[in-house]
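Residue-level structural notes
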Amino acid sequence: MNALVAITIVGPIIGATLGLIARDHPRRRDLATLLGLAAATLSAFAILVNVANNGTSVIRAGGWGPELGIVLVADLFAALVLPVAVTIIFVVELFAIGQRRTAWGANPELAGPLLGVLTSGVALAMLTGDLFTLFVAFELILVSSYVLLTHQGQKAQIGSGMTYVVMNLFSSTLFLFGLAFVYAATGTVNMALLAERIPELSNGVRIGIGAWFFVVFGTKAAVFPLFSWLPDSYPTAPTTITAVFAGLLTKIGIYAMIRFHTLMGMDELGSVMLILAGVTMIVGALGALAQSDVKRILSFHIISQIGYMLMGLGLFSVAGTTGAILFLVHHMPVKTVLFLVGGLIENDRGTSRLERSGGLASRRPLIAALFAVPALSLAGVPPFSGFVAKFAVVSAGIEAANTPIVIAALVGGVLTLLSMTKIWLAVFWGKPDDELAEAAPGNRPLMLSATALAVAGTLLISLFAGTLFDLSNRAAVDLRSDTAYIAEVTS
Amino acid sequence: MSVALILAVGGLTSAGIYLITARSLSRIILGFSLLGHAAVLALVASGGPAGEAPIAPAEGIAKAEGIANPLPQALSLTAIVISFGLTLFLLALAARQRTLTGDDLVEDDLEDRRIATAGGEST
């Protein structure tokens, strides 16, 4: 188990280093990056099987106890989300290698290795058992995302990159202050020890810490009203980069929130979270309706979907947390696939603006099919994975007899379907504009097959919805009753 | 926790916040370095009262008395390294923005600008 966890965290960064060393030899570079990611993917799945069968396992770096050393905890929640996250990056890297053969896309010398660094950060953020290592993992993810966003140095990227960097740097500074508060109040940054000590604090300090970290993680997760940086910055990056950001970055914020706020028992924040969740869903979906570019519409959807995960968390019940975890697992691949299809459209038409593309359904039926499945899934139409996830969240809301949030969730779903229809009408139906098609580089088989692979993956999620629901439920039970987690780490 | 440290954290934070609300990236960078120092000082302060260097004495750890808490210091060092790297990255970004546009101003939010122009058309 130690080896598996180590490979998942360190494998991608080793691959990235080798890739940077061999950056002038495209084949060796891509091979090194891919091998690192593949090793991480395989070991992440091995961790899932291991944890599902044998329960939580704890790795103490250097053999230090939880008071002093860094503790890595592979519980079912981490083990469930981790393989999905790492697989996504692997598939996107395949797509990127395909796209590199065309003139478009990210700079291959940097983008591949940096995706590896980002993967290491994601794995560390999910497996870590202490708050300070979570901060370091966040920084690892963010630093590589800053470079990925701005490495081409174009005007739009630098302009929106500045907003993105300043916003995230500010929330990282707040994170540091939060660590100081937590350490001053409890004398530890280990999450298991915190879960014991934070409930003993006076109510004011406890809720203050909870609210502070809600703001920190909420900025990363683009929760209303802290979302304005997202739709400006994401669409300017090359498609493969946006796909990874869309699938993972905001979700790491939600992941940290689910982990921190359920473990510390911040149930009092539930009503605030639910109100913000409702507003986030509606504002995100309405924002998407107002846009006229595929990538910008999809970026606003990220915000809207974050609302559903926050709703699951804000209910602070086992059913709600189950829904949030299931939504996380469904949303990451579906969102990534949609952005990859956005990239396919862009490469085919030369633009992702709605009014200048059109008629793709008859000319490129494969792209249309690849778009339709995740789009319907995102809107929550049965039998796709989005339906299962949305059903879990909404039924948890009904169980908690919270009518306003259920109505907001359903309205958000309808609005999402509307804006997906908008993309479909403009891009896939309508009249083709042949003038533009000349300039576009077209799509390579590797890009199409990587996207098809990812779509197949999202279908697998709906196929194994029962198993996933059971696993999410077990993970939620573990998170809600944190005695097992504390016992494993402190023993 | 000493009053001097608290005052220093407060002063640095307010100056930092004032600076990062500016439009030009060079001011924002200065603001972030002040904020970073404030956060690191807060971390150090969270470790409790000052004391001897945290090195285990020859007589054994049980005999150690009045030493400073080393854990927040280790955390602070990590935070300092990270904020140093990020300051450099921000400087590079500001330099790039300057070569592209001639200044280093942070641009308007796209939605804000669209709403502003939409309002201008209707009036």
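What you see is a predicted model; the values in this text were computed from it and never measured.

Judged by nonpolar contacts, the single largest core of 199 residues is most densely connected at A:Leu118, A:Leu131, A:Phe175, A:Phe217 and B:Leu25. Residues within four places of B:Leu25 in sequence aside, it is in contact with A:Met162, A:Val166, B:Leu90, B:Leu93, B:Ala94, B:Asp104 and B:Val106.

It is worth spelling out helix 11 (residues 270–289) of chain A at this point. Residue and element names in this part refer to chain A. The end-to-end C-alpha distance of helix 11, which contains 20 residues, comes to 29 Å, matching closely the 28 Å that a straight helix rising 1.5 Å per residue would cover. By the burial criterion, the buried members of helix 11 are Gly-270, Met-273, Leu-274, Leu-276, Ala-277, Gly-278, Thr-280, Met-281, Gly-284, Ala-285, Gly-287 and Ala-288. Tucked inside the fold, the buried residues of helix 11 contact helix 8 (203–221), helix 10 (239–263), helix 12 (294–314) and helix 17 (403–428).

Summary statistics for chain A give a mean pLDDT of 87 and a share of 96% for residues scoring 70 or more. Between the elements of chain A, mean pLDDT differs from a low of 56, seen in helix 18 (residues 434–437) of chain A, to a high of 93, seen in helix 8 of chain A.

Residue and element names in this part refer to chain A. Taking 1.5 Å of rise per residue, the 25 residues of helix 10 would be expected to cover 36 Å, and the 36 Å separating its terminal C-alpha atoms lies within 8% of that figure. Largest kink in helix 10: about 35 degrees, centred on Phe-245. Along helix 10, 25 of the 25 residues are buried, which leaves the element largely enclosed by surrounding structure. Gly-265 occupies a position one or two residues after helix 10 and carries a positive phi of about 65 degrees.

Once that is clear, we can look at the interface of chain B and chain A. Facing 37 residues of chain B, the contacting portion of chain A comprises 36 residues. Carbon and sulfur atoms supply 77% of the area that chain B and chain A bury against each other, a total of about 3,000 Å² over both sides. On inspection of chain B and its partner chain A, the count reaches two residue pairs in polar contact (both at pLDDT 80 or more). Secondary-structure elements contributing two or more residues to the side of chain B that touches chain A are helix 1 (3–20), helix 2 (25–46), helix 3 (70–101) and helix 4 (110–122) of chain B. It is helix 3 of chain B that provides the largest number of residues to the side of chain B that touches chain A, a total of 14 residues. When grouped by side-chain class, the residues that make up the side of chain B that touches chain A number 24 nonpolar, seven polar and six charged.

Thresholds, definitions, all that
- Residues numbered from 1 in each chain as written.
- Chains lettered and ligands numbered in written order.
- Predicted model: local features only at pLDDT ≥ 70, side-chain atom pairs only at ≥ 80, totals over all residues.
- Heavy atoms only, no water.
- Core = buried A, V, L, I, M, F, W, Y, C linked by side-chain atoms within 4.5 Å.
- Buried < 20%, exposed > 50% of the residue type's maximum accessible area, 1.4 Å probe, protein only.
- Contact = heavy atoms within 4.5 Å.
- Helix = DSSP H or I, 4+ residues; strand = E, 2+ residues; numbered from the N terminus.
- Expected span 1.5 Å × (residues − 1).
- pLDDT = per-residue confidence, 0-100.
- Bend = angle between axes of the 7 residues up to and from the residue.
- Buried area = accessible area lost by both parts, 1.4 Å probe.
- Polar contact = N/O pair within 3.5 Å; in protein donor to acceptor, adjacent residues only side chain to side chain.
- Nonpolar A, V, L, I, M, F, W, Y, C, P; charged D, E, K, R; others polar.

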